Every structure is written in C-alpha cells, then in structure tokens.
Amino acid sequence: FVMQQLEQIEAQLDQRDTPRGPSAEEMKAAQDMSPEDRDAMIAGMVEGLAARLETEPDDVEGWTMLARSYSVLGEFKKSADAYTQAINLAPNEFPLHLGRAEALLTVLRTEGKPIDSETKAAIDSVSMLNPEHPFALYFQGLAASQTGDVARARSYWERLLASMPEGAPEAASVQQMIDEL
C-alpha cells in the first residue's frame with residue numbers, strides 16, 4: 001500500500017513536460033558501448049546537468065531531474081541535496097519533499113543508522129503537506145519508536161493502519177509493530 005502511494009507520486013513526476021534523458025541517437029550509441037563506457041557516458045550527462053544548474057539555478061525541473069538521476073546512480077546524498085534545491089524553488093511541490101525524504105532514508109538505511117534530525121525534518125515536511133500520507137505516517141511512527149515515544153509511534157501507526165485497504169498485505173506488519181510497542 002505504501003509502495004503504491006509512492007508509485008503514484010512518481011507517476012506525477014513523470015507527467016511533467018520536462019525533456020528526459022538522452023536523445024534517440026545517444027540511446028542507439030549507448031547500446032553499442034561497453035558497460036564501463038555506458039556508465040561513463042551516463043555519469044558525464046549527469047555531471048553536465050549539474051554544471052548547467054550551477055549557472056542556471058532557477059530550473060526546478062532541472063534540479064528534479066538531477067535528483068532523480070543521482071538516485072538512479074545510487075548517490076542518494078547528492079539526490080537529497082538536489083531535491084533541496086528544487087524545494088527551495090517550489091516549496092509546495094509534494095513529490096519533491098517525498099523524494100528528498102526517500103533519498104535521506106536510503107542513506108541512513110545503507111549506513112545502518114536510525115532516523116536523524118535532518119531526515120526527521122524531511123519526513124515532517126512531507127507530513128505538513130499531506131498529514132495522512134502513508135509514507136509520512138509510517139516513518140513518523142518509526143522515528144517516534146526509535147526515540148522511545150511509544151504513544152506517538154502508536155498514534156501514527158494506528159492512523160496508517162486505519163488508512164489501509166482491508167486485506168492489505170502490509171497491514172499485518174503494521175499491526176505487529178504496534179503490538180511490539
């Protein structure tokens with residue numbers, strides 16, 4: 001259920017009128033490249049976009065594309081930083097806040113760390129724009145449980161559970177987390 005909500009937000013990002021990625025000619029040329037050359041070409045394109053944004057910083061679509069590109073490359077801290085730039089230009093764009101929070105959470109997950117203050121603030125910004133969004137409820141509950149705030153964690157996760165469709169496979173996991181509090 002939570003993943004379906006995230007996919008809907010991703011689809012909203014995909015519906016924008018921003019030209020995406022390489023041209024048809026570049027795609028054809030990339031098919032004939034070795035994996036190393038292809039990776040170098042992609043990295044060069046991302047670096048080129050980053051350089052362009054340094055001279056044209058008011059391009060919210062460019063920052064969004066850069067953030068997504070960094071995520072694809074597995075550079076999640078850079079992705080979060082690019083999302084921050086986009087958010088500065090479009091502070092009420094929910095998908096940007098969600099993307100930043102996801103990138104920061106991925107950094108923490110790969111490092112095996114609990115939710116920190118920067119990531120908590122990013123999750124809270126998602127919640128400020130959509131207080132009942134499943135992503136916000138889940139991770140606000142997780143952050144509260146990690147700090148020992150059982151009542152707050154329970155409140156978030158109970159709201160999440162109530163928002164799930166009947167029979168959602170994740171419901172049992174959420175109920176188990178509530179029970180373990």
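Residues numbered from 1 in each chain as written. Predicted model: local features only at pLDDT ≥ 70, side-chain atom pairs only at ≥ 80, totals over all residues. Heavy atoms only, no water.

Caption draft 1: How the structure looks around helix α4 (residues 60-72). Relative to the 18 Å expected for 13 residues at 1.5 Å per residue, α4 spans 18 Å between its end C-alpha atoms, a close match to the ideal helical length. Where α4 is concerned, the buried positions are V60, G62, W63, T64, M65, L66, A67, R68 and Y70. The opening residue of α4 is D59, an N-cap whose side-chain oxygen sits 3.2 Å from the backbone nitrogen of E61. (Helix = DSSP H or I, 4+ residues; strand = E, 2+ residues; numbered from the N terminus. Expected span 1.5 Å × (residues − 1). Buried < 20%, exposed > 50% of the residue type's maximum accessible area, 1.4 Å probe, protein only. Polar contact = N/O pair within 3.5 Å; in protein donor to acceptor, adjacent residues only side chain to side chain.)

Caption draft 2: Molecular detail of the environment of L104. Looking at the secondary structure, you find L104 in helix α6 (residues 94-111). For L104 and T119, which are 15 residues apart along the polypeptide, the C-alpha to C-alpha distance reads 5.8 Å. Not counting the four nearest positions on each side in its chain, L104 is found in contact with K77, A80, E118, T119 and A122. (Contact = heavy atoms within 4.5 Å.)

Caption draft 3: Highlighting the pattern of salt bridges. Under the definition given, this model contains 10 salt bridges. Among the ionic pairs, E118 bridges to K77, the shortest N-O distance being 3.5 Å. You can see E118 sitting in helix α7 (residues 117-129) and its partner K77 sitting in helix α5 (residues 76-89), a full 41 residues away along the chain. A relative accessible area of 32% means that E118 is categorised as partly exposed. Under the relative-accessibility criterion, K77 is labelled partly exposed at 38%. (Salt bridge = Lys/Arg side-chain N within 4 Å of Asp/Glu carboxyl O.)

Caption draft 4: Up close: the nonpolar core. Counting 16 residues, the largest nonpolar core has W63, L66, Y70, A82 and L96 as the members making the most contacts within it. Ranked by residue count, the leading element in this core is α4, at 6 residues. Not counting chain neighbours up to four residues away, the residues in contact with L66 comprise V46, L49, A50, L53 and A82. Counting residues in each nonpolar core, the second largest holds 15 residues, with L98, A122, I123 and F135 among its members. (Core = buried A, V, L, I, M, F, W, Y, C linked by side-chain atoms within 4.5 Å.)

Caption draft 5: Looking closely at the packing of aromatic side chains. Applying the stated criterion to the full structure yields 3 aromatic pairs. Ring pairs connect the aromatic residues F135, Y138, F139 and W157, which therefore count as one cluster. (Phe/Tyr/Trp six-rings, centres within 6.5 Å; stacked < 30°, edge-to-face > 60°.)

Caption draft 6: Focus on the packing of helix α9 (residues 150-163) against helix α10 (residues 170-180). Where α9 contacts α10, the two axes come as close as 10 Å, and the packing angle between them is 160°. Taken together, the axis directions place α9 and α10 in an arrangement best described as roughly antiparallel. Remark: the crossing between α9 and α10 carries left-handed chirality. For the pair α9 and α10, contact is made by R154, W157, E158, L160 and L161 and by A171, V174, Q175, M177 and I178, respectively. For the contact of α9 with α10, the class distribution of residues is 7 nonpolar, 1 polar and 2 charged. (Axes fitted to C-alpha atoms, helices over the stretch in contact; angles between N-to-C directions. Parallel < 35°, antiparallel > 145°, perpendicular 65-115°, else oblique. Left-handed = near helix turned anticlockwise from the far one by under 90°. Nonpolar A, V, L, I, M, F, W, Y, C, P; charged D, E, K, R; others polar.)

The values reported here are purely geometric and, on their own, carry no functional implication.
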